[in-house]
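# Summary of the model geometry
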Amino acid sequence: MRVAIYYNNNDVRIEEMPTPQIGPGELLVKIFASGICGSDVMEWYRIKKAPLVLGHEIAGEIVAIGDAVKRFNVGDRVTVAHHVPCNTCHYCLNGHHSVCDTLRTTNFYPGGFAEFLRVPQINVDRGTFILPQEMSYDEGTFVEPLACSIRGQRLSNFKPGQSLLVIGSGISGLLHIQLARALGAGKIFATDINEYRLKFAKKIGADIAINAKEDVPSIIRKDNNGRLADLAIVCTGAISAIEQAFHSIERGGTILFFAPTEPGVKIPIDLWNLWRNCNSIVMSYAGPPADMAVAIELIRTCRIAVNDLVTHKLPLNDAAKGFKLVADAKESVKVIIAP
């Protein structure tokens, strides 16, 4: 089968490798759509394991099932979680699925930028979801990233009517905007340094889109009854964005860090003001199975209009072009590869 192998952001090659052989309890899925995630182009993170086949936002059709598989059939349209939790360890039982050792070590093979992938038994058990008939394969690629956003907002205790600031209007930020709007948010602010993405943010639900170089806190106060944001979601690892979040959060409000910096980066914190203002800081990544199920329902019922976010759909042979579009972060939002 053909695969797109990642060497670095500027070197993605179409090569061949054997089609995976499945064992008992496993599935073979033919990929029809695979989204390029912003994390796929975090070169400092990915290059350590290169060369490899990336792609974890997938949708496809089951073409073979292993012995003992009962819940699925050949021909089922599915999306599959790349990482899955054990659901029984100390962390999972306390709602911290993202730090489960099992989640951090599970994956399907070889990756979504391939014609076929093998779904291990544990992923079949708790990470494979049937796509409703009214959902397209393209929409199926949004289930995993939307589940991550659902978990983040759930952990931040965001409530209907509260104000929201999304810092960084790439695909993660835009999903957060759409999700917050669907869940009844009050005023929604979005920032970015890219005017193309700011226009997108406004189009899909932000009340006010602000160039991040402006005086963001002052603009928020002006349009939010004199208050700063109840929740700031940081969807970029830029130091300036992190600092902006601390200056833009209201007393009693929360900052959700949804994107990482490179390892070793240290951010000074004014603990006095955090303590005095009773602010909370929340970290979140990944989306456990329950949030995947919620994501499917939100997309199925069109509460989240993910098709509006697709700017490019490319064949597998053009995967290198897709990676460049995402890495450049200029005039693209969601890039989907269709093997």
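Summarised in this report is the structure supplied together with it. As the structure is a computational prediction, the values presented were derived from the model and not from experiment.

Definitions and cut-offs
Residues numbered from 1 in each chain as written. Predicted model: local features only at pLDDT ≥ 70, side-chain atom pairs only at ≥ 80, totals over all residues. Heavy atoms only, no water. Pairing = 2+ DSSP bridges. Helix = DSSP H or I, 4+ residues; strand = E, 2+ residues; numbered from the N terminus. Axes fitted to C-alpha atoms, helices over the stretch in contact; angles between N-to-C directions. Contact = heavy atoms within 4.5 Å. Buried < 20%, exposed > 50% of the residue type's maximum accessible area, 1.4 Å probe, protein only. Parallel < 35°, antiparallel > 145°, perpendicular 65-115°, else oblique. Left-handed = near helix turned anticlockwise from the far one by under 90°. Nonpolar A, V, L, I, M, F, W, Y, C, P; charged D, E, K, R; others polar.

Attention now moves to the sheet that holds strand β9 (residues 188–192). Ordered in space as β10-β9-β8-β11-β12-β13, the 6 strands form an open sheet in which the pairing is parallel. With partners counted over all chains shown, the strands left at the sheet margins are β10 (208–211) and β13 (280–283), one partner each. Shown here is a sheet whose adjacent strand axes are inclined to one another by a mean of 20 degrees, direction ignored. Where β9 and β10 come together, 4 bridges link them in parallel fashion. If you follow D192 over to β10, its bridge partner there is N211. Strand contacts of helix α6 (residues 171–182): β8 (164–167), β9, β11 (229–234) and β12 (249–257), with the helix running at about 165 degrees to β8, the strand carrying the most contacts. With respect to the sheet, helix α7 (residues 195–204) is in contact with β9 and β10, its orientation differing from that of β10 by roughly 165 degrees.

This part covers the side chain of S248. By the secondary structure assignment, S248 is in the loop between α9 (239–247) and β12. Non-local contacts of S248, meaning those with residues more than four positions away in its chain, are made with L165, V216, P217, I220, L228 and A229.

What follows concerns the environment of K266. Positionally, K266 belongs in the loop between β12 and α10 (271–276). Given the relative accessible area of 72%, K266 is considered exposed. Taking the C-alpha atoms as reference, K266 lies 9.4 Å from I239; in sequence the two are 27 residues apart.

Attention shifts here to the packing of helix α5 (residues 143–155) against helix α11 (residues 289–300). Contact pair α5 / α11: the axes reach a minimum separation of 8 Å and the direction vectors enclose 110 degrees. In terms of axis orientation, α5 runs roughly perpendicular to α11. The way α5 lies across α11 gives a crossing that is right-handed. Contacts between α5 and α11 involve V143, E144, L146, A147, I150, R151 and R154 from the first element and D291, M292, V294, A295, I296, L298 and I299 from the second. Taken together, the residues that form the contact of α5 with α11 break down as 10 nonpolar, no polar and 4 charged.

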